[in-house]
Amino acid sequence: KAGVTQTPRYLIKTRGQQVTLSCSPISGHRSVSWYQQTPGQGLQFLFEYFSETQRNKGNFPGRFSGRQFSNSRSEMNVSTLELGDSALYLCASSPGRAETQYFGPGTRLLVL
Amino acid sequence: EDQVTQSPEALRLQEGESSSLNCSYTVSGLRGLFWYRQDPGKGPEFLFTLYSAGEEKEKERLKATLTKKESFLHITAPKPEDSATYLCAVQARNQGGKLIFGQGTELSVKP
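A brief report on the enclosed structure follows. Keep in mind the model is a prediction, meaning the values are calculated, not measured.

As a further point, take the overall build of chain A. Summing up its helical and strand segments, chain A has 0 helices and 11 strands in all. Element order for chain A, N to C, with α for helix and β for strand: β-β-β-β-β-β-β-β-β-β-β. Compactness check: chain A gives a C-alpha radius of gyration of 13 Å against a globular reference of 13 Å for 112 residues, within 12% of the reference. Each of the three principal axes of chain A carries a C-alpha extent, and together these read 35 × 25 × 25 Å. Burial analysis of chain A (112 residues in total) assigns 52% to the buried set. Here the analysis covers contacts within chain A between residues at least 6 apart in sequence; of these, 54% occur between residues at least 24 apart. For chain A, the exposed surface amounts to about 5100 Å²; the carbon and sulfur share of it is 48%. Taking the average place of the 12 positive charges on the side chains of chain A and the average place of its 6 negative ones, the gap between the two points comes to 4 Å.

Structure, rendered in C-alpha cells:
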C-alpha cells in the first residue's frame, strides 16, 4: 500500500500571504490529522477530520483551517502568514478515529 | 493537563552499548501510548502502540514497555542506523485521534 502523501514538499511564502497544503491518506483510511512541528514547540496537534467533519481542534488561531473531502483527502489552509508559521506540517492518517496514525513526509513551509 | 516528558533529550551510545529511553506521561484516561522514530527531514515512522500497563512489544533491537506512569524504549546492541529522534505520544480516551507528543530523544550511535 502506498503511504501518506503530502504536496507540496517545500514552500516559500512571504508574510501576509496564504497557503494551502494537501494530504492524501493511505487507501482505506478515513481519519486524517494535521500537526505542526517546530524546533521550539515540537509536534503540536492542529486538527482531526473524520467523515468530512472536523472532530477535534488544537490550540491554534483561526487563521489555521482545514477540510476533508469525500475521498478522505484533506487540505489545510493558513491565511495571513506570519514568520512564526514557518514549520514542518505533517499529515497523519488512520483507519478510524483513535487508532494508530501513520505520518506523511511533511510539507516544509518557510515564511519570509 | 495532559503532558508527555521524554528523557534524556539527547543520548550518545557506542555501537553495541544497550540503553533505555524514558517517556513519562500524565493523561486523563490513557487510550494508547505510541512510539515513533523520526529521521532528519522526514515524517515520524510508527514503531509501537501500547494500550495497558504491563504490555510489552518488540521489534528487532527495540523493546517498548508500559507502566501506569511511564514507558521505556529499550535499545539492545544498537547500530549506527538506529540513530534518529525517538518520539513518544499519548492519546486520551476523550480526545479522539489527538496525539500529545513529548519533545523527543535524539539518539546517536557511533561505530
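Having seen the model, we can carry on.
Attention now moves to the nonpolar core. Within the largest apolar cluster, 26 residues are counted, with the highest numbers of intra-cluster contacts made by Tyr25, Leu33, Trp35, Leu73, Tyr86 and Val90 of chain B. Only strand E2 (10–14), strand E3 (19–26), strand E4 (30–38), strand E5 (45–50), strand E7 (62–66), strand E8 (70–75), strand E9 (84–92) and strand E11 (105–110) of chain B provide two or more residues apiece to this core. Considering each element in turn, this core owes the most residues, 5 residues, to E9 of chain B. In this structure, Leu73 of chain B is in contact with Ser19, Ser20, Leu21, Trp35, Phe48, Leu62, Lys63, Ala64 and Tyr86 of chain B, ignoring residues within four places of it in sequence. Counting residues in hydrophobic clusters, the runner-up holds 21 residues, among them Leu11, Leu21, Tyr49 and Cys91 of chain A.

Quick notes on the rules
- Residues numbered from 1 in each chain as written.
- Chains lettered and ligands numbered in written order.
- Predicted model: local features only at pLDDT ≥ 70, side-chain atom pairs only at ≥ 80, totals over all residues.
- Heavy atoms only, no water.
- Helix = DSSP H or I, 4+ residues; strand = E, 2+ residues; numbered from the N terminus.
- Rg over C-alpha atoms; globule rule 2.2 N^0.38 Å.
- Buried < 20%, exposed > 50% of the residue type's maximum accessible area, 1.4 Å probe, protein only.
- Contact = heavy atoms within 4.5 Å.
- Areas by Shrake-Rupley, 256 points an atom, 1.4 Å probe, with all protein chains shown as cover.
- Lys, Arg positive; Asp, Glu negative; His and termini not counted.
- Charge placed at Lys NZ, Arg CZ, Asp CG, Glu CD.
- Core = buried A, V, L, I, M, F, W, Y, C linked by side-chain atoms within 4.5 Å.

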